[in-house]
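# Understanding the architecture of this molecule
Here is what each chain is made of, one letter per residue.
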Amino acid sequence: LAFDHHRGLLLVVDTENHRVQVLSCDDGGSFVSKLGENGNGPGQFHCPRGIAIDHDHDRILIVDTANSRIQSWCLSDQSFLSCIGQYGSGDLEFEYPRGIAIDKHHHRIIIADTANHRLVFLSSIDLSFLFSVGGNQGSRPGEFNYPVGIAIDDDRHRIIVSHALNHRVQVLSLIDGSFLFEF
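What counts and what doesn't
- Residues numbered from 1 in each chain as written.
- Predicted model: local features only at pLDDT ≥ 70, side-chain atom pairs only at ≥ 80, totals over all residues.
- Heavy atoms only, no water.
- Salt bridge = Lys/Arg side-chain N within 4 Å of Asp/Glu carboxyl O.
- Buried < 20%, exposed > 50% of the residue type's maximum accessible area, 1.4 Å probe, protein only.
- Helix = DSSP H or I, 4+ residues; strand = E, 2+ residues; numbered from the N terminus.
- Polar contact = N/O pair within 3.5 Å; in protein donor to acceptor, adjacent residues only side chain to side chain.
- Contact = heavy atoms within 4.5 Å.
- Pairing = 2+ DSSP bridges.
- Axes fitted to C-alpha atoms, helices over the stretch in contact; angles between N-to-C directions.
- Phe/Tyr/Trp six-rings, centres within 6.5 Å; stacked < 30°, edge-to-face > 60°.

### Describing the pattern of salt bridges
Applying the stated criterion to the full structure yields 11 salt bridges. Here Arg118 makes a salt bridge to Asp113, at a shortest N to O gap of 2.7 Å. For the pair formed by Arg118 and Asp113, the shared burial category is buried. Between Arg158 and Asp153 there is a salt bridge, with its nearest N and O atoms 3.2 Å apart. We note that Arg158, like Asp153, is buried. Here the salt bridges share partners, and the residues they tie into one network are Asp4, Arg7 and Asp58.

Okay, here's the thing in structure tokens:
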């Protein structure tokens, strides 16, 4: 879910229907529009999972999980803008990514690249690759085992990451992604 507080809209990732639904929060949750359809072309999704709103750049960022990419849509008119990424483990390559968060303080977007067991940091300005942390599947501090959820704690400058298979939450530094603690 993502909430557009400027427009009173709720954006819901509808994974199994391969789309994002836009609902009005001011009108009892009524349907407004949808983004995408099933497929692997531009503006199409295959099992999208994560979503974030980037008000600074007037866009919606959607994790297109089974297509191993991130899609960018215009927030104002809900039109498709671009795709980044492809299947793989290199820079700007993903393997079934699921989570996404925006680090406004450092102008970055952080992707939970689930099957590559890492976090990928992108520039929020041009969506270029900056760096990644993790990459080795494991359970030691700083290692990931299918990271799926990600959130930013702006006040404490931390990244919070949940794992599907380690059954834990790791807390990392927002500055460089270094390990702080886990629970």
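Next, the rest of the story.
### Some points on the side chain of Asp14
Residue placement: Asp14 occurs in strand β2 (residues 9-14). Within the local environment of Asp14, its side chain forms a polar contact with the side chain of Gln21, the two groups lying 2.9 Å apart. Discounting residues that sit within four places of it in the chain, Asp14 has contacts with Arg19, Val20, Gln21 and Pro48.

### Description of the sheet that holds strand β7 (residues 69-74)
The strand order across the open sheet built from four strands is β5-β6-β7-β8, with neighbouring strands paired in antiparallel fashion. Each edge of the open sheet carries a strand with a single partner, namely β5 (48-54) and β8 (80-84). The average undirected angle you get between the axes of adjacent strands in this sheet is 20 degrees. For strand β6 (residues 59-64) and β7, the ladder comprises six bridges, and the chain directions are antiparallel. Its bridge partner being in β7, Leu61 is matched across the sheet by Ser72.

### Some words on the packing of aromatic side chains
Under the defined criterion, the tally for this structure stands at four aromatic pairs. Summarising the aromatic geometry, the rings of Tyr87 and Tyr96 are spaced 6.2 Å apart at their centres and angled 70 degrees between planes, so their arrangement reads as edge-to-face. The class for Tyr96 is partly exposed, based on a relative accessible area of 41%. Where Phe121 meets Phe131, the ring centres are 4.2 Å apart and the plane angle is 15 degrees; that geometry is what we call stacked. With Phe121 in strand β13 (residues 118-123) and Phe131 in strand β14 (residues 129-134), this residue pair connects regions lying 10 residues apart in the sequence. On the accessibility criterion, Phe121 (0% relative accessible area) is buried. Of the residues examined, Phe131 reaches a relative accessible area of 25% and is grouped as partly exposed. Among the aromatic residues, those joined into a ring-pair cluster are Phe45, Trp73 and Phe80.

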